[in-house]
Amino acid sequence: MTDSTKRQTILDAERAVNEQYLNEIERLIQRHPQRVRQIAVVQSQRWTTSSPLRLGIDRGATTGVIGRVALQESHPYSDMMDQTFYIAGWYAKKDGFEAVNWTAPIASLFFQGRSSKHEIAPSVTGRRTFVLRGTDLVDYADEVETGVDDPFEGMERSLAIPVAPTRRRHPVQPVQSEKHRSIPESTETEEQPYISTTELHETESTSEVNARRRGLRAVEAVVKVMKLPKRGRMGAVLPTMQSDQYQLVTAAGDRGLVLQGQPGTGKTVVAVHRAVYLTSAERETERVGRVAIVGPSDHYVDHVKPIISELKEPEAEIQVLSLPGLLKKVAGLPLKSKPGDIGRIESSWELGREIDSFVRKMPDRPVSAPMDQRVRRVVEAMQRADSSEIGDSELLTWLRGLPSWNALSGETRYLPMLATVALALDSSEIGNRVGHLIVDEAQDVRPLEWRILTTSLLEDDGSLSLFGDMNQRRSDWTAATWEQLAEDLDITDEAGHCDIRELQPGYRSTRQILRFANQLLPRGERAEQALRDGPQPSVEKVSGPERTTRTVDVAIDLTRRNPGMVAIITTKPRAPSVVFRDRGWKRGDWLHSWTRSGTTVVILHPDEARGLEFDAVVVVEPGDFPENVGRQGVLYTSLTRANNELAVIHSKRLPRGLRLPR
């Protein structure tokens, strides 16, 4: 049997197990469609601590098996558990296979191997990571412990294989075992759209690449997953979660956590799975009843919500919110608002305190009208106030200089102020409080927004997890360091310290894209930790009149090489939308997207692109992107949204330091 035939045989066997698992979950759901009840606890749960299926989920809320663990034949629980078990979203046992919940303590053996703190970690002999497309297995990668030949050898023969899976088969493309993988000493490549992941850049040595990869598990599976076309939502990345990411996901939920990471290091992956983990019944008494994830935009919500729906348990309460959307809802304002420059006063803690005091003392506080009208009455009363009502002279001057209500209520910069007024009138407007608050892109949250989140959304004894990158900071009025923010939010210990972690390497963008974008960073912060190579970013200077049409041409050209999603990021998104419409493209299912012949281009303002990823990106007129404190955080974020290809179109001078690729 050839190696490729053997791999296909193994993959077919694993796909059959996956089919059995999915069928078993579906059978249990159909068996009890109208009621929620506990299924009898099997004996092995005494050591796996893996919860049975909790009914009440729908068929779409399940995923396939994500991995497999092999143990020594004489492992300590061999009287209760076979020599191998699977990792999945739900507990299932049938026809010679057993799958445990990924949040169960025993699942740490899959994510961490023998470095896990679980008592039987020394018995691990190997781990198999599956590459998923939807619920189907399309490939796998094995990791074998030192001194072990093939821990899965012969195990497929003991499986009760059903009829061939009904899901569409995908041809297997070999992924080398971690045990046998090597990286060539030199490389000679033909011209091609993409450079192989095992080929080295001319400025990087074999030892440097090996050192970067050595600490990763299932690295080729990781690369394969990263190269799958983007579809506007987070893909199935749980199988390839790394040990350091798993440690952060499973960190204690009763104290503060801060995670710093450059673009594409997996911050959002950790944030999403941490929410599911903290609410899992596997944690028993440590389980958090309600969790909220707050992200930077409605696009972010669309990106992460589906994966949470697939993984969370039915009784878990996980809110996924965009910060602007939350503020608009609280204030009773329409969904659309105009981005603009943000000032110090409308960002400040002090404004919140003044608003609370003013509303509390109002003799004719509005109580019965719709919330937006009540907020308007308070704001207009504050604009008319004198020094006896608002003692801060600077704030009083600022209030008197505010624009009309129609302009005020339509600008993003004033949303925190208006939401603060609404909450001062009725604190219940924000909804149920949560025990743990996860904030993604936390470096951009302003002090007044933090005041709303921590005093109105978070329970008094609740805890915080903050995720972000200070190099992507977009405002002069947010905390300049994580240490400062931790102190402002009072999540430091008695010694004034906070648990601040950092993630490396970068899994999304290629090394060429990161190298180009990193020119915007201070020299000491230009670390490159990418796992993949790709084409150099293209930079094209055009005349002002042809900039928009050239942008659309380049975006369409990128769709021919990138079958997923291409994004245009520009401070003036309306102009390219008009061109796409005139060329016969139709509005797509995704917000601000255009589609034709199965290809999709989405057009975003930089504020809407945060936390997202695309196969390719066109960044338009970098010189129009705002600076803060001498840094180009907004532009840096936009340049690093691309997975494979980056193009820059400009007619004005490029920002300082952004040189052409070499």
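### Describing the overall build of the protein
Then, in step 1: When its secondary structure is counted, the protein shows 20 helices and 19 strands.
Then, in step 2: Split into buried and exposed, the 662 residues of the protein put 58% on the buried side.
Then, in step 3: Surface accessibility of the protein: about 28500 Å² in total, with carbon and sulfur atoms responsible for 46%.

### With respect to the sheet that holds strand β1 (residues 67–71)
Then, in step 1: Reading across the sheet, the 6 strands line up as β3-β4-β2-β1-β5-β6 and stay open at both edges, with mixed pairing between neighbours. Where the open sheet ends on each side, the last strands, each with one partner, are β3 (92–94) and β6 (136–144). Each strand of the sheet is rotated relative to its neighbour by a mean of 20 degrees, with strand direction disregarded.
Then, in step 2: Looking at chain direction, strand β2 (residues 84–88) and strand β4 (residues 97–101) are connected through 3 bridges and run parallel. Looking across to β4, one finds that Ile87 is bridged to Val100.

### Observations concerning helix α18 (residues 547–561)
Because each turn of an α-helix spans 3.6 residues, side chains separated by three or four positions in sequence point in the same direction.
Then, in step 1: Under the 1.5 Å per step criterion, the end-to-end length of α18 is 22 Å for 15 residues, consistent within 8% with the ideal 21 Å.
Then, in step 2: Where α18 is concerned, the buried positions are Arg547, Thr551, Val552, Val554, Ala555, Ile556, Leu558 and Thr559.
Then, in step 3: Residues of α18 that are buried sit in contact with β13 (538–541), β14 (565–569), α19 (574–582), β17 (599–604), β18 (614–620) and β19 (642–650).

### Overview of the sheet that holds β19
Then, in step 1: Taken together, 7 strands build an open sheet; the order of strands is β13-β19-β18-β14-β17-β16-β15 and the sheet is mixed. Of all strands in the sheet, those with a lone pairing partner are β13 and β15 (586–587), marking the two edges.
Then, in step 2: Summarising the sheet, β18 and β19 pair through 6 bridges and their orientation is parallel. Looking across to β19, one finds that Val617 is bridged to Leu646.

### Observations regarding the pattern of salt bridges
Then, in step 1: Scanning all chains against the criterion turns up 35 salt bridges.
Then, in step 2: Notably, a salt bridge pairs Glu14 with Arg68, separated by 2.7 Å at the nearest N-O pair. Of the two residues, Glu14 sits in helix α1 (residues 3–31) while Arg68 sits in strand β1, which places them 54 residues apart along the sequence.
Then, in step 3: Since its relative accessible area comes to 0%, Glu14 is described here as buried.
Then, in step 4: A residue is classified by how much of its surface remains accessible, and Arg68, at 0% relative accessible area, is buried.
Then, in step 5: With a closest N to O distance of 3.2 Å, Arg433 and Asp460 form a salt bridge. Here Asp460 lies in strand β11 (residues 458–468) and Arg433 lies in the loop between α14 (415–425) and β10 (434–440), a separation of 27 residues in the sequence.

### A closer look at the packing of α18 against α19
Then, in step 1: Contact pair α18 / α19: the axes reach a minimum separation of 9 Å and the direction vectors enclose 65 degrees. Classified by the angle between their axes, α18 and α19 sit roughly perpendicular to one another. Crossing of α18 over α19 shows right-handed handedness. Together, Thr548, Val552, Ala555 and Ile556 of α18 and Ala575, Pro576, Val579 and Phe580 of α19 make up the contact between the two elements.
Then, in step 2: The residue makeup of the contact of α18 with α19, split by class, is 7 nonpolar, 1 polar and no charged.

### Details of the side chain of Arg283
Then, in step 1: In this structure, Arg283 sits in the loop between α7 (267–278) and β8 (290–295).
Then, in step 2: The exposure class assigned to Arg283 is buried, which follows from its relative accessible area of 9%.
Then, in step 3: Of the polar contacts made by the side chain of Arg283, one reaches the backbone oxygen of Leu278; its length is 3.5 Å.
Then, in step 4: In contact with Arg283, not counting residues within four places along its chain, are Gly253, Tyr277, Leu278 and Val288.

### Structural notes on the confidence of the model for the protein
Then, in step 1: The predicted model of the protein averages 85 in pLDDT, with 86% of residues at 70 or higher.
Then, in step 2: Low pLDDT (under 50) marks residues 53–59, which in the prediction has 31 contacts with non-local residues, meaning those over four places away or in another chain.
Then, in step 3: pLDDT under 50 marks residues 157–207. Its contacts with residues more than four places away, or in other chains, come to 110 contacts.

### Description of the nonpolar core
Then, in step 1: In this structure, Tyr21, Phe85, Trp102, Leu109 and Phe111 are the most contacted members of the largest nonpolar core, which totals 82 residues.
Then, in step 2: Excluding residues that lie within four positions of it along the chain, Phe85 makes contacts with Gly67, Arg68, Val69, Leu71, Glu98, Val100, Ile106 and Leu109.
Then, in step 3: Residues Leu351, Leu418, Ile430 and Trp450 belong to the second largest nonpolar core, which totals 62 residues.

### Here we look at the environment of Ser651
Then, in step 1: When you line up the elements, Ser651 lands in the segment after β19.
Then, in step 2: When the C-alpha atoms of Ser651 and Gly623 are compared, they prove to be 9.0 Å apart, with 28 residues separating the residues in sequence.
Then, in step 3: If we ignore the near neighbours within four places in the chain, the residues touching Ser651 are Lys541, Val542, Ser543, Gly544, Arg547 and Glu621.
Then, in step 4: Among the polar contacts listed, one links the side chain of Ser651 to the side chain of Arg547, at a separation of 3.2 Å.
Then, in step 5: Engagement of the side chain of Ser651 in a polar contact is seen with the side chain of Glu621, the distance being 2.7 Å.

### Looking at the environment of Val304
Then, in step 1: Structurally, Val304 is set in helix α8 (residues 298–311).
Then, in step 2: Spatially, the C-alpha atoms of Val304 and Gly611 are 9.7 Å apart, while their sequence positions differ by 307 residues.
Then, in step 3: When neighbours within four sequence positions are excluded, Val304 is seen to be in contact with Met234, Thr268, Val272 and Val320.

### Topic: the packing of aromatic side chains
Then, in step 1: A complete count under the given rule lists 7 aromatic pairs for this structure.
Then, in step 2: Ring plane angle 10 degrees and centroid distance 6.4 Å describe the contact between Tyr86 and Phe130, whose orientation is recorded as stacked. Of this pair, Tyr86 sits in strand β2 while Phe130 is found in strand β5 (residues 124–133), placing the two residues 44 residues apart along the sequence.
Then, in step 3: By relative accessible area, Tyr86 is classed as buried at 1%.
Then, in step 4: For the ring pair Phe580 and Trp585, a centre distance of 5.0 Å and an interplane angle of 70 degrees mean the geometry is edge-to-face.

Calculation rules
- Residues numbered from 1 in each chain as written.
- Predicted model: local features only at pLDDT ≥ 70, side-chain atom pairs only at ≥ 80, totals over all residues.
- Heavy atoms only, no water.
- Helix = DSSP H or I, 4+ residues; strand = E, 2+ residues; numbered from the N terminus.
- Buried < 20%, exposed > 50% of the residue type's maximum accessible area, 1.4 Å probe, protein only.
- Areas by Shrake-Rupley, 256 points an atom, 1.4 Å probe, with all protein chains shown as cover.
- Pairing = 2+ DSSP bridges.
- Axes fitted to C-alpha atoms, helices over the stretch in contact; angles between N-to-C directions.
- Expected span 1.5 Å × (residues − 1).
- Contact = heavy atoms within 4.5 Å.
- Salt bridge = Lys/Arg side-chain N within 4 Å of Asp/Glu carboxyl O.
- Parallel < 35°, antiparallel > 145°, perpendicular 65-115°, else oblique.
- Left-handed = near helix turned anticlockwise from the far one by under 90°.
- Nonpolar A, V, L, I, M, F, W, Y, C, P; charged D, E, K, R; others polar.
- Polar contact = N/O pair within 3.5 Å; in protein donor to acceptor, adjacent residues only side chain to side chain.
- pLDDT = per-residue confidence, 0-100.
- Core = buried A, V, L, I, M, F, W, Y, C linked by side-chain atoms within 4.5 Å.
- Phe/Tyr/Trp six-rings, centres within 6.5 Å; stacked < 30°, edge-to-face > 60°.

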